[in-house]
Number of protein chains: 6
Amino acid sequence: MSESYLPSLLTDSPEAGFQLAIKLSRLGVKFTQPDAEVRDRLRPQYAQNADSLTMASQVVAINFQTVAAANNYWR
Amino acid sequence: MSESYLPSLLTDSPEAGFQLAIKLSRLGVKFTQPDAEVRDRLRPQYAQNADSLTMASQVVAINFQTVAAANNYWR
Amino acid sequence: MSESYLPSLLTDSPEAGFQLAIKLSRLGVKFTQPDAEVRDRLRPQYAQNADSLTMASQVVAINFQTVAAANNYWR
Amino acid sequence: MSESYLPSLLTDSPEAGFQLAIKLSRLGVKFTQPDAEVRDRLRPQYAQNADSLTMASQVVAINFQTVAAANNYWR
Amino acid sequence: MSESYLPSLLTDSPEAGFQLAIKLSRLGVKFTQPDAEVRDRLRPQYAQNADSLTMASQVVAINFQTVAAANNYWR
Amino acid sequence: MSESYLPSLLTDSPEAGFQLAIKLSRLGVKFTQPDAEVRDRLRPQYAQNADSLTMASQVVAINFQTVAAANNYWR
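Residues numbered from 1 in each chain as written. Chains lettered and ligands numbered in written order. Predicted model: local features only at pLDDT ≥ 70, side-chain atom pairs only at ≥ 80, totals over all residues. Heavy atoms only, no water.

(A) Representation of the confidence of the model for chain A. Scored by pLDDT, chain A comes out at a mean of 96, with 97% of its residues at no less than 70. This complex was scored by the predictor with a pTM of 0.97 and an ipTM of 0.97. (pLDDT = per-residue confidence, 0-100.)

Structure representation (structure tokens):
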């Protein structure tokens, strides 16, 4: 039996939650472009472009909203 | 009687919820461009472009917010 | 008396809710460009462009958040 | 005493709420570009462009989330 | 002791809340580009461009969601 | 033991919350482009471009939604 790529939204800390938000953002890309080689080839295209980085940070921010709510904001 | 394309927002796990978010994102495209052949032709246009992939991941993130809230974050 | 174009946010099913989200997205366009002929002329501009379709799907996703919350996620 | 441009977020119906969302979207533009003549001159720039219309519809969708929540979704 | 630039999210009215949303949007710009002279120089770049104005209105809309929720929608 | 880069979402004031939202936005960039030198090189690319600044302000706005909710809007 293969492991789940997303067993839970609950994390021990805000930091782990932020890492999960990054993972979710990458999963969204992965399911649109499943070929890892292509994704690696595209990396310089956005990692060296300011607006692309802002866009990437925005997706993380949206996913972090979800993870933070799931964890009741680690209050 | 034809089956519903969206019978429920409830899923058994976060992973199934993420898959539903991807499905919702594709449905949003499908209803704007119903021609599957055109959609297939457009695929290389965005699957090979970093910003397009980030944008696609963002739509998934927004839909995942909805699905996660529907499932009370699988707490 | 003319009928309301948006009598309620409540729908019988998630599928009907998704259709309402699509309607809301089109209403947002209609009130900015009321001329149906112009809107029809613009259709190929976005229906054949991958990023435009992703953007359209994003608006549907945002409206679907509203409709889903209104319907308490059809739980 | 001048009248408020935004006396309340409460409306009698979803339709009136959608109109308020459109008004909020225009207010956001107005405060960035207060010159009505300039805004009128820019109108063809976006009213004839598919992606601009989608972007405009997105702002309406975001504001409609706020208005709908304020009205408890007119349940 | 210097005054806070953001003492509270609570406002007396929806209109004051909308003004606060505009202020928050400008603060977001200010902290990325602290040089007022540069910001002034950039103003014609977006105040005369339809899509830039729509984007600015969108940031205000997102901040207004926060302020409106903070004020329990001035119900 | 290294310190957490995100120990908590709770802050003493709205102003500190806004600063945390800015930090979260930068963290989202940092994890996509970990090379500080590259990030510094890209700075003029967006700090002198109106739309880039609006986009940056939008990411801050999204993160501020999360931080504000976590702090129950400092009511």
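(B) Molecular detail of the interface of chain B and chain A. Contacts between the two partners involve 27 residues from chain B and, on the opposite side, 32 residues from chain A. The largest share of the area that chain B buries against chain A comes from Glu15, Phe18 and Tyr73 of chain B, three residues that together contribute 20% of it. Counting across the chain B and chain A interface gives zero salt bridges. Counting every contact that joins chain B to chain A gives 14 residue pairs in polar contact (both at pLDDT 80 or more). Taken together, the elements giving at least two residues each to the side of chain B that touches chain A come down to helix 1 (14-30), helix 2 (36-47) and helix 3 (50-70) of chain B. With 13 residues, the top contributor of residues to the side of chain B that touches chain A is helix 3 of chain B. The residue inventory of the side of chain B that touches chain A, partitioned by class, reads 15 nonpolar, seven polar and five charged. (Contact = heavy atoms within 4.5 Å. Buried area = accessible area lost by both parts, 1.4 Å probe. Salt bridge = Lys/Arg side-chain N within 4 Å of Asp/Glu carboxyl O. Polar contact = N/O pair within 3.5 Å; in protein donor to acceptor, adjacent residues only side chain to side chain. Helix = DSSP H or I, 4+ residues; strand = E, 2+ residues; numbered from the N terminus. Nonpolar A, V, L, I, M, F, W, Y, C, P; charged D, E, K, R; others polar.)

(C) Layout of the packing of helix 3 (residues 50-70) of chain E against helix 3 (residues 50-70) of chain F. The contact between helix 3 of chain E and helix 3 of chain F brings their axes to 9 Å, and the two run at 10°. Here helix 3 of chain F runs roughly parallel to helix 3 of chain E, going by the angle between their axes. In this structure, helix 3 of chain E contributes Ser52, Met55, Ala56, Gln58, Val59, Ile62, Asn63, Gln65 and Thr66 of chain E to the contact, and helix 3 of chain F contributes Asp51, Thr54, Met55, Ser57, Gln58, Ala61, Ile62, Phe64, Gln65 and Ala68 of chain F. A per-class count over the contact of helix 3 of chain E with helix 3 of chain F returns nine nonpolar, nine polar and one charged. (Axes fitted to C-alpha atoms, helices over the stretch in contact; angles between N-to-C directions. Parallel < 35°, antiparallel > 145°, perpendicular 65-115°, else oblique.)

(D) Structural context of the interface of chain D and chain C. With 27 residues of chain D at the contact, the number on the chain C side is 32 residues. Interface area for chain D against chain C, summed over the two sides, is near 2,600 Å², with a carbon-plus-sulfur share of 62%. Viewed at the interface, chain C and chain D are joined by zero salt bridges. The interface formed by chain D and chain C contains 14 residue pairs in polar contact (both at pLDDT 80 or more). Secondary structure elements with two or more residues in the side of chain D that touches chain C: helix 1 (14-30), helix 2 (36-47) and helix 3 (50-70) of chain D. For the side of chain D that touches chain C, the class distribution of residues is 15 nonpolar, seven polar and five charged.

(E) Examining the packing of aromatic side chains more closely. Throughout the structure, instances matching the rule amount to 30 aromatic pairs over all chains. Pairing phenylalanine 18 of chain A with phenylalanine 31 of chain F gives two aromatic rings, centres 6.1 Å apart and planes at 50°, and the pair type is tilted. Of this pair, phenylalanine 18 of chain A sits in helix 1 (residues 14-30) while phenylalanine 31 of chain F is found in the loop between helix 1 (14-30) and helix 2 (36-47), placing the two residues in two different chains. On the basis of relative accessible area, phenylalanine 18 of chain A is assigned to the buried category, the value being 1%. Residues phenylalanine 64 of chain A and tryptophan 74 of chain A carry aromatic rings whose centres are separated by 5.8 Å and whose planes lie at 20° to one another, so their mutual orientation is stacked. Of this pair, phenylalanine 64 of chain A sits in helix 3 (residues 50-70) while tryptophan 74 of chain A sits in the segment after helix 3; the two residues are ten residues apart in sequence, bridging distant segments of the chain. On the basis of relative accessible area, phenylalanine 64 of chain A is assigned to the buried category, the value being 0%. Aromatic rings pair up to connect Tyr5 and Phe31 of chain A together with Phe18, Phe64 and Trp74 of chain B into one cluster. (Phe/Tyr/Trp six-rings, centres within 6.5 Å; stacked < 30°, edge-to-face > 60°. Buried < 20%, exposed > 50% of the residue type's maximum accessible area, 1.4 Å probe, protein only.)

(F) Up close: the layout of surface pockets. In this structure, the largest pocket encloses a volume near 1,200 Å³. Gln65 of chain A, Gln65 of chain C, Gln65 of chain D, Gln65 of chain E together with Gln65 of chain F are the residues nearest the centre of the largest pocket, which is lined by 41 residues in total. Elements with a contribution of two residues or more to the lining of the largest pocket: helix 3 of chain A, helix 3 of chain B, helix 3 (50-70) of chain C, helix 3 of chain D, helix 3 of chain E together with helix 3 of chain F. Along the lines of polarity and charge, the residues of the lining of the largest pocket split into 18 nonpolar, 20 polar and three charged. Estimates place the volume of the second largest pocket at around 610 Å³. In terms of lining, the second largest pocket is formed by 17 residues, of which the most central are Met55 of chain A, Met55 of chain B, Met55 of chain C, Met55 of chain E together with Met55 of chain F. Mapped by element, the contributors of at least two residues to the lining of the second largest pocket are helix 3 of chain A, helix 3 of chain B, helix 3 of chain C, helix 3 of chain D, helix 3 of chain E together with helix 3 of chain F. Among the residues making up the lining of the second largest pocket, the classes are represented as six nonpolar, seven polar and four charged. (1 Å grid on protein atoms, 1.4 Å probe; cavity = no way out; pocket = protein on both sides within 12 Å on 5 of 7 lines; lining within 4 Å. Points joined across faces, edges and corners; volume = space filled by probe spheres on them.)

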